[in-house]
Amino acid sequence: MTLRKILLASTALGAIAMLASPAFAGSGAASQAEIDALKAQVEALTQRLDDIAIQSGNDIKEIKEKQDAVQIDFKDGKPTFRTGDGLFTMSIRGRAHLDSAFYDLDAQDTTRMLTANNPLGGGSNTGLSSGSNFRRAEFGVEGTFLRDWGYKLNMQWGNSGDEGPARIKDLYLTYSGLKPVTFWAGAIQTPMTLDDSTSSNDITFMERSAAANLATGLGAGDGRTSFGVTAATSHLYGSLFYTTNTVNQGFAASTNTSNEGSAYVGRVAYAFQPDEHSNIHIGASGTYKADPNGGVTFSDRPELRVDPSTLINTGSLTGSTAAVGAESAYAVGPELAGNYGPFRAQGEYYVYNVERNGTAPSVDFSAWYLQASWVITGEEYKYAMDPAAYKGVKPASPFTLGGGIGAWEIAARYSVADLNDNEGSIGSAVPAGGVRGGKQDIATIGLNWYPNNNVRFMLEYLDVSTEKIGFGNADVGVDYNVVASRMQFAF
C-alpha cells in the first residue's frame, strides 16, 4: 500500500470520530448498540491501518531489494552487470587481433630498406620481416554510475610489431547530465578523422589509412591526456578537446609520430538519410598544436603493423634554431562518406603544416584516401550519429555447420601520403629548408568474413610503392607486395 492510502484511511477514521462526538455530547439516549457499532468500526479501521503499514513496509523492502539486486546479460557475448534501478552498470570488454603477413620484395629493395628511414642521414630500418604478432590484445571495463556519469578503463598488451607490457589505452570519466552534451576527462582516444573515429573492431581494413594516422598523430590517438566536450543530435555531431601528452611515454613509440605538447582537436559532422536504406556523412577534422614541445615529426608505417619499419618520415622539424623546436603545427581536412544498403564509400583529405622557428620556412604536406566496400551477403551498413561513424557488419545469418554462412565483405582502398616539401632531385643536395619525407602510394584489396557478431577473419593484398631521396641524395624508394591476414575476436 502507498502512503496515499494510509492518509485516506486516517482521514476516514478521523471523520468517524468527529461524527460520533456530537452523538455522545448531544443526547444521553444513545443506545449501547450504537456505541458498540461505532467502536467496532474504529477497531476495524485501526486494524486496516495496521495492515496497510505492514504491507507498505513489505513494498518498500521489495523495492529496496530490487534496487540492490544485480542483473546480468550477455548480449553478443558482452557481459554487462547492472543494478535493478539502473543507476549503476559495468560491462566487461575485450578484443584480440592476431595479424600475420608475408612480404615480397626483391634484393635491391631489401638493401634500400636499410637506409630508407631518415631523410637527412642514415637509417634505422632492418628490412621487412614476415611473421605474426598481436596487433591488439585489450581487456577492460566500462559503464555508468548515477545514470549521468560514465567511466572506462582499457588496458593494452598488443603492439605494432612486438607485444609489450600492459599499458593504458583508455582511462577516463564522462558526465552526460546536460543532454546532448557530454564532458570528458582522462586518457582518451580523442575524436579526430572519420577513419580513427571508427572502432578498430569495425574498420574495413586491418589498418587505418596513412592520411588518418598522420592527422591523429599530431594531437590525438590512443591514450592521449584530454579534456573536452562532445555533442550529438539526430543529424549533427561536434567535439572539441584540449590534449597534452600520451600517458604511456615509457612504452613503445606511437604508431605514427612522437609529437607531444598541448593541442586543440576538433571535429564536426552532419549526417542524413535520403531513405531508410542509405546514409550520407559530411564532416571535417582538425588539430592545432600551439606548443609542439620540441620538433614535430610526421611518419607512418605502410598501413600494416606486422613489421615495425617506416617508409615515410620527415624527421624532426624544428627550424634554424634546432634547440627551440617548432613554433606551431596543424592538420585539417574534410570527411565524406555514404552508403546505400550493403554498398559504402568514404574518403578523407588532409593537409599538414609546420611553422618552423627562425628563418626556416614553413612546410606543408598532404595525404588522402578513397575506399569502397560491398557486403555481398546483403547486410546493410549502419551509421551512428555518436560518434559520427559507421558501425561493424552484423551477419543476418551467423555461421553454423549446415546452416548460415555469416556475412562476407569485399573492399578496395587507394591512399597517397606525400611528406615531401621542396625536396629537390636525386643526386642533388636538399634545397635550403626542404624536407625529404618521401611519398607513399598503397593500393589494397580485402576480403572479410564475419561468422558471427564476435569473430572476424580478414585477408588483404597490398601493393606498396614509395619514392624517396635518402642519405647521400640517393634514391631509396622501394616497391613491394604483401599478403596479410587477421583473426579477430571481440566482446
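Up top is the structure.
## Considering a negative patch on the surface
Here is step 1: A grouping of Asp104, Asp106, Asp463, Glu467 and Asp479 is seen on the molecular surface, where their side chains present a negatively charged patch.
Here is step 2: Position of Asp104 relative to the elements: it lies in strand S3 (residues 88–104).

## Points about the packing of aromatic side chains
Each aromatic ring pair is summarised here by two numbers: the centre-to-centre distance and the angle between the ring planes.
Here is step 1: Summed over all chains, the structure comprises 17 aromatic pairs.
Here is step 2: Relative to Tyr175, the ring of Trp149 lies with its centre 4.7 Å away and its plane at 55 degrees, an arrangement referred to as tilted. Here Tyr175 lies in strand S6 (residues 167–178) and Trp149 lies in strand S5 (residues 149–156), a separation of 26 residues in the sequence.
Here is step 3: The exposure class assigned to Trp149 is partly exposed, which follows from its relative accessible area of 33%.
Here is step 4: Between Phe298 and Tyr352, the ring centres sit 5.4 Å apart and the planes meet at 50 degrees, which makes this aromatic pair tilted.

## Here we look at the pairing of strand S22 (residues 479–490)
Here is step 1: Burial along S22 is one-sided: Tyr480, Val482, Ala484, Arg486, Gln488 and Ala490 are buried, while Asp479, Asn481, Val483, Ser485, Met487 and Phe489, pointing the other way, are not.
Here is step 2: Bridge count for strand S21 (residues 455–467) against S22 is 11 bridges, and the pairing is antiparallel. The residue bridging Met458 from the neighbouring strand is Arg486, located in S22.

## Side note on the side chain of Glu409
Here is step 1: Along the chain, Glu409 falls in strand S19 (residues 407–421).
Here is step 2: A polar contact is formed between the side chain of Glu409 and the side chain of Tyr381, at a distance of 2.5 Å.
Here is step 3: Side chain to side chain, Glu409 and Tyr450 meet in a polar contact 2.7 Å long.
Here is step 4: When neighbours within four sequence positions are excluded, Glu409 is seen to be in contact with Thr204, Ser373, Trp374, Val375, Tyr381, Val393, Gly446, Leu447, Asn448 and Tyr450.

## Thoughts on the nonpolar core
Here is step 1: With 25 residues, the main nonpolar core has Leu214, Val296, Phe298, Leu317, Tyr352, Val354 and Phe365 as its most contacted residues.
Here is step 2: When contributions to this core are tallied by element, the ones reaching two or more residues are helix H5 (210–216), strand S14 (328–340), strand S15 (343–355), strand S16 (363–375) and S19.
Here is step 3: If we ignore the near neighbours within four places in the chain, the residues touching Leu214 are Phe298, Ser299, Asp300, Tyr352, Ala367, Ala417 and Leu419.

## A few points about the pairing of S3
Here is step 1: Inspection of the sheet shows strand S2 (residues 80–83) paired to S3 by 3 bridges, in the antiparallel sense. Residue pairing for S3: Phe81 is matched across the bridge by Met90.
Here is step 2: Between the end of S2 and the start of S3, which pair antiparallel, lie 4 residues, with Gly86 showing a positive phi angle near 75 degrees.
Here is step 3: Judged from the 14 bridges that link them, S3 and strand S4 (residues 131–145) form a sheet pairing that is antiparallel. If you follow Met90 over to S4, its bridge partner there is Gly143.
Here is step 4: Pairing between S3 and S22: 10 bridges, direction antiparallel. Bridge pairing in S22 links Ser100 to Ser485.

## A few points about unusual backbone geometry
Here is step 1: In this structure, Pro180 follows Lys179 across a cis peptide bond, with omega equal to 5 degrees.
Here is step 2: Its identity as a non-glycine residue notwithstanding, Leu146 has a phi of 50 degrees, on the positive side.
Here is step 3: In this fold, Leu146 is placed in the loop between S4 and S5.
Here is step 4: The backbone phi angle of Glu303 is positive, close to 55 degrees, even though this residue is not glycine.
Here is step 5: Take Glu303: it is sitting in the loop between strand S12 (299–300) and strand S13 (312–313).

## A word on the environment of Gly378
Here is step 1: Position of Gly378 among the secondary structure elements: in the loop between S16 and strand S17 (383–384).
Here is step 2: Gly378 gets classed as partly exposed once you look at its relative accessible area, which sits at 41%.
Here is step 3: With 35 residues separating them along the chain, Gly378 and Phe343 place their C-alpha atoms 8.9 Å apart.

## Digging into the pattern of salt bridges
Here is step 1: Within the structure shown, the criterion is met by 13 salt bridges.
Here is step 2: With a shortest N-O distance of 3.3 Å, Glu303 and Arg413 are connected by a salt bridge. One end of the pair, Glu303, is in the loop between S12 and S13; the other, Arg413, is in strand S19, and 110 residues separate them in sequence.
Here is step 3: We classify Glu303 as buried; its relative accessible area is 0%.
Here is step 4: Take Arg413: its relative accessible area is 4%, and that puts it in the buried class.
Here is step 5: In this structure, Glu380 and Lys382 form a salt bridge, with 3.8 Å as the shortest nitrogen-oxygen distance.

Basis of the calculations
- Residues numbered from 1 in each chain as written.
- Predicted model: local features only at pLDDT ≥ 70, side-chain atom pairs only at ≥ 80, totals over all residues.
- Heavy atoms only, no water.
- Patch = residues over 30% accessible without salt bridge, like charges linked within 9 Å, V, L, I, M, F, W, Y side chains within 5 Å.
- Areas by Shrake-Rupley, 256 points an atom, 1.4 Å probe, with all protein chains shown as cover.
- Salt bridge = Lys/Arg side-chain N within 4 Å of Asp/Glu carboxyl O.
- Lys, Arg positive; Asp, Glu negative; His and termini not counted.
- Charge placed at Lys NZ, Arg CZ, Asp CG, Glu CD.
- Helix = DSSP H or I, 4+ residues; strand = E, 2+ residues; numbered from the N terminus.
- Phe/Tyr/Trp six-rings, centres within 6.5 Å; stacked < 30°, edge-to-face > 60°.
- Buried < 20%, exposed > 50% of the residue type's maximum accessible area, 1.4 Å probe, protein only.
- Pairing = 2+ DSSP bridges.
- Polar contact = N/O pair within 3.5 Å; in protein donor to acceptor, adjacent residues only side chain to side chain.
- Contact = heavy atoms within 4.5 Å.
- Core = buried A, V, L, I, M, F, W, Y, C linked by side-chain atoms within 4.5 Å.

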